[in-house]
Structures are given as C-alpha cells and as structure tokens.
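Residue-level structural notes
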Amino acid sequence: MDRRDKNSRDGYYEERRRESRDGYYEQDRRSSRDGYYEEGRQSARDTYYRDDRRTNRYEEEQDLIAERKKKKKKRRKWLLALEVLVLVIIAGGLFAAVQLRRVDHVGLKDIIVNSGIGQSGYRNIALFGVDSREGELDSGTNSDTIMVCSINNKSGEIRLVSVYRDTYLDTGDGRYSKANSAYAVGGAEQAINMLNKNLDLDIEDFVTVNFDSIIEMVDLLGGIELEITEEERGWLNGYLVETSQVTGVPYTEVASAGTQTLTGIQAMAYCRIRYTVGWDYKRTERQRIVLGKIFEKAQSQGVTTLIAIANQMIPYISTSLSTTEIVSLVAGMGRYSIGETQGFPFEKQAADISAGDVVVPVNLAQNVSELHEYLFGETDYTPSDTVQEISYNIIAGTGIQ
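The sections below set out a description of the structure shown in this document. (Residues numbered from 1 in each chain as written. Predicted model: local features only at pLDDT ≥ 70, side-chain atom pairs only at ≥ 80, totals over all residues. Heavy atoms only, no water.)

Our focus in this paragraph is the overall build of the protein. Scanning the protein from terminus to terminus reveals 10 helices and 13 strands. Of all intrachain contacts in the protein linking residues separated by at least 6 positions in sequence, the fraction that spans at least 24 positions is 72%. Accessible surface, the protein as shown: approximately 22500 Å² in total, 50% of it carbon and sulfur. (Helix = DSSP H or I, 4+ residues; strand = E, 2+ residues; numbered from the N terminus. Contact = heavy atoms within 4.5 Å. Areas by Shrake-Rupley, 256 points an atom, 1.4 Å probe, with all protein chains shown as cover.)

Below is the structure:
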C-alpha cells in the first residue's frame, strides 16, 4: 500500500473519531443544557406552586382570623345585651323590693294548727276582704270576704274556696258565731286560727284588702271583662251609689246587659250583689270570678307594669308575707293558673238562731272531708278530733245534723 492510501485511510478514521467526539460532546452539552433548563423550569414551577400554596394558606388564615373576630364581636354584643338585661332585672327587683317594704307587714305570733295536720306539697294562704268604710285593715271590722287560696307547688294550680261569712263555726277562741266575726275580734291571726281549727288546714300567712284595693287594681289593669245579666245590672247600678259615697270614686252606670268591660268601682259594686238568685252564695261566686279576672289580666302585663301596680297598691294591702316572698310569687306568676273554685260548706242549711241568720254546715266533719278531697285529692279523709268535736257542738247548738 502506498503512502497516499495510508494517509487517506488515517484521515478518514481521524475524521470519524472527531465527528464521534464532537457529537458526543455536543450531545453532552445539549443534555447538560436541557437538564439545566429543565431543572430551572422545575425549580420555578415548584417555587410557583409553593408560593401559591402559601398565598392560599395565608388567605385562609386571614379568613379564619376575620371570622373569629366577627364571632368575638358578636359574642361581646350578646354579653353586653345580657349584662344590660341583668342590670335592668336587678334594678327592677331592687326597686320593687324597696317599694314593697312600705307594705303593712304583720307578724303572726300564735297560729293554731290541729295536731297531725300538714298539707305536704301545697301552700295555703288566707285572703280577707274587709268591709271597712275608713280603710282599716286590722281588727275591729268584719271580714266581708273569706277565702282559702291553695297553691299546688308542683303544678302551679291555684284553687280558691270561699268560706261563707255567715257560716256558724268556732271563731278560734271556743266561741261559736259567724265566721266573719273572728277578724273583728282578733284580726287576721284569729281569723286564720278559725280556718285552721275548723277546716284542718295549716295556713300561716294572709293577705287583707279593702274596698279601695279592688277599685284601684281593676283601674290600673284597664278594666276587666265580665258577663252581666239584666238582673245583675240593676243591682250593680244600685250598689254604685253607696260604693261611690264610701270611696269617693265617681262612677258611670252600666248601660246594658251582656259582655261588659267594667271599671274598678263597677267591679266592686258587682262583688257586693247579694240579692239575686243564689243570694250570698252567688255573691261569693262573683267575688271569685272577679279575682280570677284580675289574676288573668295581671298575668298578661309586663314586669314594669306589675311593679307600677304593686307600688300603687301598697296602701291598700296588709299581709304577713315578707318582701322576698311577695317578689317570688310575683316573679313566678306566669307558672300559676286558677283552677276550680268553690264555696264552703258544700252541704249547708240556713238557720235563724241566737247568733242571727247563719249558714250551718251539714255536718262540719263531712264537709271537711269533702274539702280535703277537693283541695288536696285526699279521698276518704278522716277529720281530726278537734274538727269532730266542733262538728258535734254545732249539731248540739243548732239542732241541725
């Protein structure tokens, strides 16, 4: 082989090697460059998503903070409103307590309760309405109205029983006469003892009102709605004249029968009617109706109105209840309801004896058994020995059994 062929071959291989080497390096540079750019793009993409996630998380955190601030602000508003409400209630309660301290509170000393007597689950309070022309609320005047108010502590039901004022009973001191004379002799204390002794009750508290109290209360409530018969209308208008003379309150006659909204003095005159069919028994029923209507109307009033009414009623009330007890009863008025009402004695007979025209229980022991079933659900109640003795004495003294 000559030199030219050899040179040609060496040149050829050298050129292939150079191309191969250049291709390798070019590919390596390209691979390196592509890797670099790809890495840069990946890094940029990661940075973008990381920043985006950070931005989203930041926004979420800001939204959460804003929501918490909003809730906190709202909670502060509610707390402020609650604080204001509590302050108003406390202020109203303090005002009521201060006003109620002006009530004529009477301490009872020697309350009689027959042996073994106690009405568990009930609170019994005596209600007296005195026939006072001068506004007296203590002894020296007959109790024109005598009621037992029995409160079921669990259900809140109130039952009212009117004891007819002419009922012939032991007046609490061993003397037998009309029930209403007990208040005249010994005030509320003796009248309570009369009820406890004759009826096997455990009354320890009372509320006494006079003519003016009914008039004032009904007027403060804006009147009460009653169904008036034509017979009642005539007598009502007649009693308006005397009631106005006694109280000094002007009046307007009731123009027609039917459903009427009565003013205070008209309601008082209605309570005094006793010459229609039913006589005095019907009169006590009217008194219970009026009391029920007053209670219903009072329940519909707000706290402010009730406080104002209590303030106005203070001069017309005498009671053994403490200020705390009165506030508690008024505050819980919404849970109470007046159920059935009755007159006592259930079985009776009118008689004219040395004590005058009286109502005789026929007989007292049996009536007391019925009373306990009516008030407390005590079936087949056996009256105490004290009631049995009084019942015997009434039979002996009247000849009615």
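This paragraph deals with the packing of aromatic side chains. This structure, assessed with the given rule, holds 8 aromatic pairs. Aromatic side chains Trp-235 and Tyr-275 sit 5.3 Å apart centroid to centroid with 40° between the ring planes, which places their arrangement in the tilted category. Placement of the pair is Trp-235 in helix H4 (residues 230–247) and Tyr-275 in the loop between helix H5 (264–272) and helix H6 (279–299), with a sequence separation of 40 residues. Judged by relative accessible area, Trp-235 falls into the partly exposed class, the value being 37%. An aromatic cluster is present here, built from Phe-128, Tyr-183 and Phe-206 joined pairwise through their rings. Note that Arg-286 overlies the ring of Tyr-270, its terminal NZ or CZ placed 5.9 Å from the centroid. Residue placement shows Lys-348 over the ring face of Tyr-281; its charged tip is 4.7 Å from the ring centre. (Phe/Tyr/Trp six-rings, centres within 6.5 Å; stacked < 30°, edge-to-face > 60°. Buried < 20%, exposed > 50% of the residue type's maximum accessible area, 1.4 Å probe, protein only. Lys NZ or Arg CZ within 6 Å of the ring centre and 35° of its normal.)

Here helix H3 (residues 211–220) crosses H4 at 100°, and the two axes come no closer than 10 Å. Regarding the angle of H3 to H4, the classification is roughly perpendicular. Taken together, the residues of H4 that come into contact with H3 (itself represented by Phe-211, Asp-212 and Ile-215) are Thr-243, Val-246 and Thr-247. When the residues that make up the contact of H3 with H4 are grouped by side-chain class, the tally is 3 nonpolar, 2 polar and 1 charged. (Axes fitted to C-alpha atoms, helices over the stretch in contact; angles between N-to-C directions. Parallel < 35°, antiparallel > 145°, perpendicular 65-115°, else oblique. Nonpolar A, V, L, I, M, F, W, Y, C, P; charged D, E, K, R; others polar.)

Note that strand S2 (residues 122–130) and strand S7 (residues 205–209) share 5 bridges and pair parallel. When the sheet's bridge partners are listed, Phe-128 is paired in S7 with Thr-208. Where S7 meets strand S10 (residues 317–319), 3 bridges bridge the pair, whose relative direction is antiparallel. Bridging from a neighbouring strand, Val-207 pairs with Thr-319 of S10. (Pairing = 2+ DSSP bridges.)

The next point concerns the nonpolar core. A general feature of soluble globular proteins is that nonpolar side chains tend to end up buried together. Ranked by internal contacts, the top residues of the largest apolar core, which has 39 residues, are Phe-128, Leu-195, Leu-199, Phe-344 and Leu-364. Leu-199 has contacts with Val-163, Phe-344, Val-368, Leu-371, His-372 and Val-387, leaving out every residue within four places of it along the chain. Listed in part, the 37 residues of the second largest apolar core include Leu-160, Val-218, Tyr-239 and Leu-262. (Core = buried A, V, L, I, M, F, W, Y, C linked by side-chain atoms within 4.5 Å.)

If you walk through the whole model with that rule in mind, you get 15 salt bridges. Salt-bridge contacts for Asp-144 lead to Arg-165; the nearest nitrogen and oxygen are separated by 2.3 Å. In this pair, Asp-144 sits in strand S3 (residues 143–152) while Arg-165 sits in the loop between strand S4 (157–163) and strand S5 (168–170), placing the two residues 21 residues apart along the sequence. The two residues Asp-144 and Arg-165 agree in class, both being buried. Among the salt bridges present, the one from Arg-286 reaches Glu-232, with a minimum N-O distance of 2.9 Å. With a gap of 54 residues between them, Arg-286 in helix H6 and Glu-232 in helix H4 connect regions that are remote in the sequence. Of the two residues, Arg-286 and Glu-232, neither departs from the other in class, the shared state being buried. Bridged by salt links that share partners, the residues Asp-144, Arg-165, Asp-280 and Arg-283 form one connected network. (Salt bridge = Lys/Arg side-chain N within 4 Å of Asp/Glu carboxyl O.)

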